[in-house]
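# Residue-level structural notes
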Amino acid sequence: MQNEKIKAILEEGLKQIEKAENLDDINELRNRYLGKKSELASMGSIIATLPVEEKKTFGQEMNETKTTLANAIDERMNALKAKALEEKLQRETIDISLPGRESNLGARNPFHIVKDEMTEIFLGMGFEVADGPEIETDNYNFELLNIPKDHPARDMQDTFYIDENTLLRTHTSPVQARTMEKAQGKPVRIICPGKTYRRDDDDATHSHQFAQIEGLVIDKNINIGHLKATLELFAKKMFGEKREIRLRSSYFPFTEPSVEVDITCANCGGKGCNMCKGTGYIEILGGGMVHPNVLKMNGYDPEQYSGFAFGIGIERVAILRYGIDDIRKFYNNDVRFLHQFKKKG
Ligand code: DAH
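Residues numbered from 1 in each chain as written. Predicted model: local features only at pLDDT ≥ 70, side-chain atom pairs only at ≥ 80, totals over all residues. Heavy atoms only, no water.

For the rest of this paragraph, the subject is the overall build of the protein. Scanning the protein from terminus to terminus reveals 11 helices and 10 strands. Here the C-alpha atoms of the protein give a radius of gyration of 44 Å, more than 25% beyond the 20 Å that 2.2 N^0.38 yields for 345 residues. Seen along its three principal axes, the alpha-carbon backbone of the protein occupies a region of about 135 × 50 × 40 Å. Relative to its 345 residues, the protein shows a buried fraction of 42%. The long-range share in the protein, meaning contacts at least 24 apart out of those at least 6 apart in sequence, stands at 67%. For the protein, the accessible area works out to roughly 20400 Å², and carbon and sulfur atoms hold 50% of it. Across the protein, the 48 positively charged side chains and the 54 negatively charged ones have centroids separated by 3 Å. (Helix = DSSP H or I, 4+ residues; strand = E, 2+ residues; numbered from the N terminus. Rg over C-alpha atoms; globule rule 2.2 N^0.38 Å. Buried < 20%, exposed > 50% of the residue type's maximum accessible area, 1.4 Å probe, protein only. Contact = heavy atoms within 4.5 Å. Areas by Shrake-Rupley, 256 points an atom, 1.4 Å probe, with all protein chains shown as cover. Lys, Arg positive; Asp, Glu negative; His and termini not counted. Charge placed at Lys NZ, Arg CZ, Asp CG, Glu CD.)

Now the structure itself:
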């Protein structure tokens, strides 16, 4: 380099650029060395005063110096930007080893857990879900189920009356009559989960409102073996493969024969203990073969069609499943109770 002054500017410039600590420094240097008022810029006017042979070299040296400085500035700037980014990333790293804050999720009521599980089991066997009103007529709740006025079976199912013919249904069985009416003599395979009401005094085992799942199958050649197989499969799926069922003779006006269905006690496995009151069995539901009168009243020829029906108390199943000691716990919404049914994990 021939021009000492340009050389000095270049050397000093490169030194300063090297020392720049941040983007402000860089901008300041860019201004100082390459800006309109820079020393190099002001030297541009000298060119006119130089002899011709020096002009070319001087011009070249000026340009080279500007390019070198500009490149050095860009390079340093990029390095500083990268460093700044690196520092920012360091500063903002998320410590994934910190446990997250737990959100306080609620739990499903065991009633709903069990109701859904029961429904799933029957859906898996090909049942469809039917529905009916909770405010029911005397006709559907009693008459069409072979429980005429003054029938003693009505005593066990006292309920809340809206007027003489309108009441809160005492069981889900009226959905049997409603379904048969709709099916108009065609085969039926339904369950109906729903609320039911009785005029009972509330205590640990009674509630004026509870829920049942009704089941009804009507077709040609249906026999009590179908009922037993269906309920056995249900019991094993709900309570475990080891459970056995037992059908005990019973009475309901809408079935003939009628049965009460027991499962072997989970606590003693059938030997007899406190929980099953020494019998080895625990009652879980009622059922039977649909009474010919019921078939007839609801549009089926009992010579051609037969069917089975059953009614299961949902709370009762949940109580047995979870060892719950008071039916009222399902309805009180005490979070300490519900919390126990929170899904883990
Ligand atoms: N409805 C009866 C009750 O609430 C339960 C029941 C028994 C339903 C036998 C049925 C059945 O469908 O066949 O006590």
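Moving on to the packing of helix 5 (residues 110-124) against helix 10 (residues 314-322). Contact geometry for helix 5 and helix 10: axes closest at 9 Å, N-to-C directions at 105°. Put simply, helix 5 runs roughly perpendicular to helix 10. On helix 10, the residues that touch Pro-110, Phe-111, Ile-113, Val-114, Lys-115, Glu-117 and Met-118 of helix 5 are Ile-314, Glu-315, Val-317, Ala-318, Arg-321 and Tyr-322. Of the residues belonging to the contact of helix 5 with helix 10, the class tally is nine nonpolar, no polar and four charged. (Axes fitted to C-alpha atoms, helices over the stretch in contact; angles between N-to-C directions. Parallel < 35°, antiparallel > 145°, perpendicular 65-115°, else oblique. Nonpolar A, V, L, I, M, F, W, Y, C, P; charged D, E, K, R; others polar.)

As summarised here, the arrangement of the seven strands in space is 1-5-6-10-9-8-7, forming an open sheet in which the pairing is mixed. Strands with a single pairing partner mark the edges of an open sheet, and in this sheet they are strand 1 (128-129) and strand 7 (245-252). Two elements, strand 7 and strand 8 (residues 255-264), share seven bridges in a ladder whose sense is antiparallel. Bridge pairing in strand 8 places Phe-252 opposite Thr-255. (Pairing = 2+ DSSP bridges.)

This part is about the layout of surface pockets. Of the voids in this model, the largest pocket is the one considered here, and its volume is about 1500 Å³. What lines the largest pocket is a set of 48 residues, and nearest its centre among them are Arg-198, Phe-210, Glu-283, Gly-313 and Arg-316. Broken down by secondary-structure element, the contributors of at least two residues to the lining of the largest pocket are strand 6 (209-219), strand 7, strand 8, strand 9 (281-290), strand 10 (306-313) and helix 10. With eight residues, the top contributor of residues to the lining of the largest pocket is strand 9. Taken as a whole, the second largest pocket spans an internal volume of roughly 270 Å³. In terms of lining, the second largest pocket is formed by 11 residues, of which the most central are Gly-106, Ala-107, Phe-341, Lys-342 and Lys-343. In terms of residue class, the lining of the second largest pocket is made up of four nonpolar, three polar and four charged. (1 Å grid on protein atoms, 1.4 Å probe; cavity = no way out; pocket = protein on both sides within 12 Å on 5 of 7 lines; lining within 4 Å. Points joined across faces, edges and corners; volume = space filled by probe spheres on them.)

Residue placement: Thr-196 occurs in strand 5 (residues 188-197). Those residues within four positions of Thr-196 in sequence are excluded, and the remaining contacts are Arg-169, Thr-170, His-171, Thr-172, His-208, Gln-209, Phe-210, Ala-211 and Gln-212.

Judged by side-chain charge, Asp-200, Asp-201, Asp-202 and Asp-203 come together as a negatively charged surface patch. When you line up the elements, Asp-201 lands in the loop between strand 5 and strand 6. Taking relative accessible area as the criterion, Asp-201 reaches 70% and is therefore assigned exposed. (Patch = residues over 30% accessible without salt bridge, like charges linked within 9 Å, V, L, I, M, F, W, Y side chains within 5 Å. Salt bridge = Lys/Arg side-chain N within 4 Å of Asp/Glu carboxyl O.)

Taken in spatial order, the three strands make up an open sheet running 2-4-3, and their pairing is antiparallel. Because the sheet does not close on itself, it has two edges, and the strands there are strand 2 (135-137) and strand 3 (161-163). Sheet twist, expressed as the mean angle between neighbouring strand axes with direction ignored, is 30°. Where strand 3 meets strand 4 (residues 166-168), two bridges bridge the pair, whose relative direction is antiparallel. Looking at strand 4, one finds that Tyr-161 is bridged to Leu-167.

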